[in-house]
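# Structural overview for review
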Amino acid sequence: MHMKKYLLKCLHRLQKGPGYTYKELLVWYCDNTNTHGPKRIICEGPKKKAMWFVITLLFAAIVCWQWGVFIRTYLSWEVSVSLSIGFKTMDFPAVTICNASPFQYSKVKHLLKDLDELMEAVLERILAPELSHINATRALNFTIWNHTPLVFIDEQNPHQPVVLDLFGDNHNGSASSSLAPGRSCSAHGCKVAMRLCSRGGTVCTFRNFSSATQAVTEWYTLQATNIFSQVPRQELVTMGYSGEQLILACLFGAEPCSYRNFTPIFHPDYGNCYIFNWGMTEKALLSSNPGAEFGLKLILDMGQEDYVPFLTSTAGARLMLHEQRSYPFIKDEGIYAMSGTETSIGVMVDRLQRKGEPYSQCTVNGSDVPIRNLYSHYNTTYSIQACIRSCFQDHMITNCSCGHYLYPLPRGEKYCSNREFPDWAYCYSALRTSLAQRESCIDVCKESCNDTQYKMTVSMADWPSEASEERDQSTNITLSRKGIVKLNIYFQEFNYRIIEESAANNIVWLLSNLGGQFGFWMGGSVLCLIEFGEIIIDFVWITIIKLVALAKSLRQRRAQARYAGPPPTVAELVEAHTNFSFQPDVVTPGPSAEPYPDEQLPPIPGTPPPNYDSLRLQPLDVIESDTEGDAV
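Residues numbered from 1 in each chain as written. Predicted model: local features only at pLDDT ≥ 70, side-chain atom pairs only at ≥ 80, totals over all residues. Heavy atoms only, no water.

### Quick look at the overall build of the protein
Within the protein, the secondary structure is distributed over 20 helices and 20 strands. For the protein, the residues scored as buried account for 39% of the 632 residues in total. Of all intrachain contacts in the protein linking residues separated by at least 6 positions in sequence, the fraction that spans at least 24 positions is 74%. As displayed, the protein offers around 37000 Å² of accessible surface, 56% of which is attributable to carbon and sulfur atoms. (Helix = DSSP H or I, 4+ residues; strand = E, 2+ residues; numbered from the N terminus. Buried < 20%, exposed > 50% of the residue type's maximum accessible area, 1.4 Å probe, protein only. Contact = heavy atoms within 4.5 Å. Areas by Shrake-Rupley, 256 points an atom, 1.4 Å probe, with all protein chains shown as cover.)

In structure tokens form, the structure reads like this:
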């Protein structure tokens, strides 16, 4: 009751001036607003009132439409790109150097002996099938072959292709038991494919290749991956090229350097790699001037004579320029420097600065990416390449129960091998070609908001020249074009470009356009909007007051509906009830008791109340003490 009374008083105090009806409120608003148009609706004649009402309504609709367009454009979160050029002393990039061959063949020959013999036999079968029958009696270890063999596919009849065993009847392998024996084929008449099986050979698929060379290369790489995944990492490091063996000479600006100034890192594709000017704790080296004289100069010995013959077909150095605190994905972003040449690399720097949420799906440090970064143990910053590879390794572990040799391994997991996971090649091939897997990783991984790209201009020349080679041989210095690479890495221009994203439509742009449209079509301002807000509040209060009055009238009607006629008097209510406290006691008759005379009741003590017929009762819930409430 008290809350209801206070609410009514508050409503009366707040709703002052305009009136207590919607019509009075609208008339008051049109007469007092600063917006053009509403005043003419109440001041002109009937025809002009209708005309101005239509015009005002039309222009108000145009304003609302324009506001919707501008708000939708603002919420699209478009960006504009600006390009600026800076001039200052720049940090020299980190330089990663790798040999094209990951291992020295003299140190891994014992691991690849059976595989190399199989590879030679496969090449003989494909290139010279008539000569391969002469060496058919050569003993081969088909343990590796039985897991993932190469086959011929004869497509002379496209509707019924025939799968032929590459080795015919020379061996009895479980993987080739379902192939057609007794027929010969060559790479010119048949396609070479890789047979991948799972579930004990009951489910198989064939991976086709465009050429026989590509097929045998992929097959050899897959089998070598299986072998190296079973070797401890420390042993693999000793089988690669050491820094002292790879880096013959080093000069940064005018300061000499050596292999001790490089950070070693093992890369599964290229073995031992060495990074100059890299690390999270050390300060980056600065370059004071552009030009080759102020950059990094290297002379590298590739040791081409000790390359793994079937694993590497490229001779030279693989190098990459990147930020000091980023991991080098040299296989995807690196370039080759050819042996026997002097390669000059001019560098230009582009710094990208992207807008974050909600303008783009970029991340500052990768903390909001739901993928475990497997490259974090290198103490490097986040990159989208690291995220995609970590995502693929997670899918590999989930679907194949093992991790691939080319990617970092989470703690507690094992690398895939034919011994422990016989079906891993089939699973890896299916996962690698799966479009859904790639899309899922791309959708989850985000680009880095801040990135630095190094644009390289590469030029090459023969080095050493014939005259220099003869002179160096006379001084007992071994320089051969087959294994020597000279590198010059420097800033081409002493400036950098900053490519920065900024909001194309900010809040200032939105407010100016909203105000411009409102002022142009309606002649209004911010004060007019405040007036409109005030009239909305008045509408709300009037609606509340009317609802309260309606609820009050409904309660009164329900209270009056309890009685068919007028309310009873006090005397009628008293007579309708019996006062049980004045009932006589019932006495059991005895010998000494004197009963009352017949048809005589005992006296009733007390005095009955007076009969006030003029006093009528009202229900308590309809009595209001607030006089202001009756006026509503």
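### Regarding the sheet that holds strand E11 (residues 271-276)
On the basis of which strands lie adjacent, the open sheet formed by 5 strands has the order E10-E11-E3-E14-E15 and antiparallel pairing. The open sheet has two edge strands with one neighbour each: strand E10 (262-267) and strand E15 (335-338). In this sheet, neighbouring strand axes are inclined to one another by 30° on average, regardless of whether the strands run parallel or antiparallel. The pairing of strand E3 (residues 94-99) with strand E14 (residues 316-322) spans 6 bridges and is antiparallel. Considered in E14, the bridge of Ile97 is made with Leu319. (Pairing = 2+ DSSP bridges. Axes fitted to C-alpha atoms, helices over the stretch in contact; angles between N-to-C directions.)

### Overview of the nonpolar core
With 63 residues, the main nonpolar core has Phe103, Trp145, Leu150, Trp219 and Trp424 as its most contacted residues. For Trp219, the contacting residues outside a window of four places in its chain are Leu115, Leu118, Met119, Trp145, Thr148, Pro149, Leu150 and Met194. (Core = buried A, V, L, I, M, F, W, Y, C linked by side-chain atoms within 4.5 Å.)

### Regarding the packing of helix H13 (residues 384-400) against helix H14 (residues 424-432)
Viewed as axis vectors pointing N to C, H13 and H14 meet at an angle of 135°, and their least axial separation amounts to 10 Å. The orientation of H13 relative to H14 falls into the category oblique. Regarding H13 and H14, the two cross each other, and that crossing is right-handed. Residues Phe392, His395, Met396, Asn399 and Cys400 of H13 lie in contact with H14, whose contacting residues are Trp424, Cys427, Tyr428, Leu431 and Arg432. For the contact of H13 with H14, the residue count by class is 7 nonpolar, 2 polar and 1 charged. (Parallel < 35°, antiparallel > 145°, perpendicular 65-115°, else oblique. Left-handed = near helix turned anticlockwise from the far one by under 90°. Nonpolar A, V, L, I, M, F, W, Y, C, P; charged D, E, K, R; others polar.)

### What to know about the pattern of salt bridges
Taken as a whole and assessed by the stated rule, the structure comprises 10 salt bridges. Of the charged contacts, one joins Lys331 and Asp269 as a salt bridge, the two residues approaching to 3.5 Å between their closest N and O atoms. With Lys331 in helix H12 (residues 330-333) and Asp269 in the loop between E10 and E11, the pair connects residues that are 62 residues apart, well separated along the chain. The class of Asp269 is partly exposed, set by a relative accessible area of 22%. (Salt bridge = Lys/Arg side-chain N within 4 Å of Asp/Glu carboxyl O.)

### Describing the packing of aromatic side chains
Evaluation of the coordinates by the stated rule reveals 23 aromatic pairs. Both rings, one in Tyr74 and one in Trp77, keep their centres 5.3 Å apart while their planes meet at 55°; by these two values the pair is tilted. Under the relative-accessibility criterion, Tyr74 is labelled buried at 16%. Every member of this aromatic cluster is reached through a ring pair, and the members are Phe92, Phe252, Phe262, Phe276 and Phe491. The cationic tip of Arg351 hangs over the ring face of Tyr496; the distance from NZ or CZ to the ring centre is 4.4 Å. (Phe/Tyr/Trp six-rings, centres within 6.5 Å; stacked < 30°, edge-to-face > 60°. Lys NZ or Arg CZ within 6 Å of the ring centre and 35° of its normal.)

### Describing a nonpolar patch on the surface
A contiguous nonpolar surface patch, about 310 Å² in accessible area, is contributed by Phe53, Val54 and Leu57. Looking at the element boundaries, Val54 is found in helix H4 (residues 46-75). For Val54, a relative accessible area of 52% translates into the label exposed. (Patch = residues over 30% accessible without salt bridge, like charges linked within 9 Å, V, L, I, M, F, W, Y side chains within 5 Å.)

### Remarks on helix H6 (residues 113-127)
A rise of 1.5 Å per residue sets the reference length of H6, with its 15 residues, at 21 Å; its end C-alpha atoms lie 21 Å apart and thus fit the reference within 8%. Residues of H6 that are buried include every one of Leu115, Asp116, Leu118, Met119, Ala121, Val122, Arg125 and Ile126, and no others. (Expected span 1.5 Å × (residues − 1).)

### Quick look at H14
Listed as buried for H14 are Trp424, Ala425, Cys427, Tyr428, Ser429 and Leu431. Structurally, H14 contributes buried residues whose contacts are with strand E6 (191-198), strand E7 (203-208), helix H9 (212-228), H13 and helix H15 (435-444).

### Concerning the side chain of Ser429
With respect to the secondary-structure elements, Ser429 resides in helix H14. Here Ser429 is in contact with Leu196 and Arg207, once residues within four sequence places are set aside.

### What about the UniProt feature "transmembrane region" (unreviewed entry) in the protein?
In this structure's numbering, the residues bearing the UniProt feature "transmembrane region" (unreviewed entry) are residues 50-70. The span residues 50-70 shows a helical share of 100% and a strand share of 0%, and its end C-alpha atoms are spaced 30 Å apart. (UniProt positions renumbered as here; feature names shortened; annotations may be inferred.)

### Some words on the packing of H4 against helix H17 (residues 507-522)
Relative to each other, H4 and H17 sit at 170°, their axes nearing to 9 Å. Viewed along their axes, H4 and H17 adopt a mutual orientation that is roughly antiparallel. Contacts between H4 and H17 pair Thr56, Phe59, Ala60, Ile62, Val63, Gln66, Trp67, Phe70, Ile71, Thr73 and Tyr74 from the former with Ile507, Trp509, Leu510, Asn513, Leu514, Gln517, Phe518, Trp521 and Met522 from the latter. Residue composition of the contact of H4 with H17, by class: 15 nonpolar, 5 polar and no charged.

### Considering the sheet that holds strand E4 (residues 150-154)
Read across the open sheet, the 4 strands follow the order E5-E4-E6-E7; overall the sheet is antiparallel. Where the open sheet ends on each side, the last strands, each with one partner, are strand E5 (162-165) and E7. Across this sheet, the average inter-strand angle for adjacent strands is 40°, counted without regard to direction. Alignment of E4 against E5, held across 4 bridges, turns out to be antiparallel. Bridging across to E5, Ile153 finds its partner in Val163.

### A few points about the state of the cysteines
As enumerated under the stated definition, the model contains 8 disulfides in all. Bridging Cys362 to Cys449, the disulfide has an S-S length of 2.1 Å. Linking Cys362 and Cys449, the disulfide has an S-S dihedral of approximately 90° and is accordingly described as right-handed. Here Cys362 is found in strand E17 (residues 362-363), whereas its partner Cys449 is found in the loop between strand E18 (447-448) and strand E19 (450-462), with 87 residues between them in sequence. (Disulfide = S-S within 2.5 Å.)

### Describing the environment of Asp368
Mapped onto the elements of the fold, Asp368 is located in the loop between E17 and H13. For Asp368, a relative accessible area of 40% translates into the label partly exposed. Residues Asp368 and Cys445, 77 residues apart in the sequence, show an inter-C-alpha distance of 9.7 Å. Once residues within four sequence positions are removed from consideration, Asp368 is found in contact with Cys362, Thr363 and Lys446. At a separation of 3.3 Å, a polar atom in the side chain of Asp368 contacts the side chain of Lys446. (Polar contact = N/O pair within 3.5 Å; in protein donor to acceptor, adjacent residues only side chain to side chain.)

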